[in-house]
Amino acid sequence: MSQSPTQPLKRPLRPTTPAPPQAKKAVVSGTFGSALEWFDFAVYGAMSATVFPALFFHQMDETAGLLASFATFGVGFFARPLGGMVFGHLGDKFGRRRILLTTFISMGVASMVIGLLPPYSSIGVIAPLILVLMRFVQGFALGGEATGAQLMTMEHAPQDRRAFYGALMAMGSPISQVAANLMLAVLSGVLTEAAFMSWGWRVPFLLSILLVAVGIYIRVKVEETPVFQEGVKEAAQETASPALVLRTHGGTIARLILAFAPIVITFYIVSVFGISYLTQHGFTKNQTFTIIMISNFLSVIAIWWGGRLADVYGRRKILMVGSIGTLLAAVVFFRVVDLGSFPLTLAIVAFALVTAQFGNAGQGALYAEAFPTHMRYTGSALALTGSNLIFAAPAPFLASWLTSLSGGSTISITIFWVVTIVAAIVNMLLMGDGKTLEGGEHRFGRYLPGGQARAGHAPAGVVTPAAAASEVAR
């Protein structure tokens, strides 16, 4: 039966455009690199809440030691904007591939040094100083890696799955949380407390040398992206400095920084400060690591579907839906945890992280499409690292400080959490969607007017009547 020329065409949730070999290699390379980078970050976050206060800051009282440990965790976030500017500028000038090899190696070396670091009782104040320095290196490298891996993958990707491919890079974060907390749950479960505090905590950091070796082998197989090569030609070899990007796109960067706030503040309050809060409110380390592990496993599924839907309905809408979910979680999170129920705590932690990561799936493409090619790495990195610096870095420290200041009450941190998310949602309501990486207009939605599609405006992945007839004939 023939289809009316004006009948809407349905866009499939699962894209049909074949992915070229380089796109597949870029996905594997980016996902692996992202998982390694975030694995090291996840392990450090867990250790800063449980082990580091005793090993490197035991000369302080318990509260001060925890605050100092969370402060070192925040150092990585302060280093990320600097890494984003340096690697972003170099990535826009020399390409994504070379920079990603550098960031990958730097992160692995820093993690190995942390794994070998003697405690304060052995070498004194040098121990926390080296810890802070290596944390800085981790953050500096991740400032270039997180954005670069997304751009490398999306610029290789078919047009109808760019958000999905970008989401796969974001998947490295919950995957690493699953791996890190699974390993820590096993180690804390099979080792005595003394053995875990002596050497068990070092194992995840030292495994980095194996992951780095495999990751480098994968990453050297990926070629430079065609979008970058073409964009550099069109820009007549123009390379934008961070200052120029800020001057010409400062407002865009500010809006993107705030738009991502609900995701990062929720993730780090729940998965970093939450570890400390749970262990102080009746949950064992093993139970806590298990809760975080299961919740992040479910988040992987959320990112997968968030990426699929962001290619259909738009990047900003998916980020907004996830942000609304984090708002609901923020209101009830501490009240539920205070009940002391393992199932209920697992449910609220899972809900918070699943909704955050669902929204996270729209971030990569939203950021990339806000900037022209020769400014894309720098602009995206400044927005991403800026959001993490302002909202993620202080979150565990602020939560710990406010709860100790108020005698254990979580009302103040809940208010801050909720107000931040509400401001971000209002900001997103006032934002628009960007253009495609090639500079064209997006057409989001499950249905597209048939006349527009026949006029040559159907987005990639939309099944037109002519294509359907051709497929049937074949």
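What this report covers is the structure whose coordinates are included nearby. All values derive from a computational prediction rather than experimental measurement.

1. Let's talk about the overall build of the chain
A tally of regular secondary structure across the chain gives 23 helices and two strands. Looking at the chain as a whole, 58% of its 474 residues are labelled buried. Sequence-distant contacts, at least 24 apart, represent 85% of the contacts inside the chain between residues at least 6 apart. Summing over all exposed atoms, the chain offers an accessible surface of approximately 18300 Å²; the carbon and sulfur share of this is 68%.

2. Topic: helix α7 (residues 162-170)
With nine of nine residues buried, α7 lies mostly within the body of the structure. Among all positions of α7, only Arg162, Ala163, Phe164, Tyr165, Gly166, Ala167, Leu168, Met169 and Ala170 are buried.

3. What to know about the packing of α7 against helix α8 (residues 172-190)
Between α7 and α8, the shortest axis-to-axis distance is 5 Å and the interhelical angle comes to 30°. The angle between the axes of α7 and α8 places the two elements in the roughly parallel class. The segment α7 lies against α8, with Leu168, Met169 and Ala170 engaging Gly172, Ser173 and Pro174. Its residues assigned to classes, the contact of α7 with α8 comprises four nonpolar, two polar and no charged.

4. Topic: the environment of Val264
Within the fold, Val264 resides in helix α14 (residues 261-279). When the C-alpha positions of Val264 and Asn388 are compared, they lie 6.6 Å apart, and in sequence the two are 124 residues distant.

Reading the values: rules and limits
- Residues numbered from 1 in each chain as written.
- Predicted model: local features only at pLDDT ≥ 70, side-chain atom pairs only at ≥ 80, totals over all residues.
- Heavy atoms only, no water.
- Helix = DSSP H or I, 4+ residues; strand = E, 2+ residues; numbered from the N terminus.
- Buried < 20%, exposed > 50% of the residue type's maximum accessible area, 1.4 Å probe, protein only.
- Contact = heavy atoms within 4.5 Å.
- Areas by Shrake-Rupley, 256 points an atom, 1.4 Å probe, with all protein chains shown as cover.
- Axes fitted to C-alpha atoms, helices over the stretch in contact; angles between N-to-C directions.
- Parallel < 35°, antiparallel > 145°, perpendicular 65-115°, else oblique.
- Nonpolar A, V, L, I, M, F, W, Y, C, P; charged D, E, K, R; others polar.

The quantities given are spatial measurements derived from coordinates; they are silent on function.
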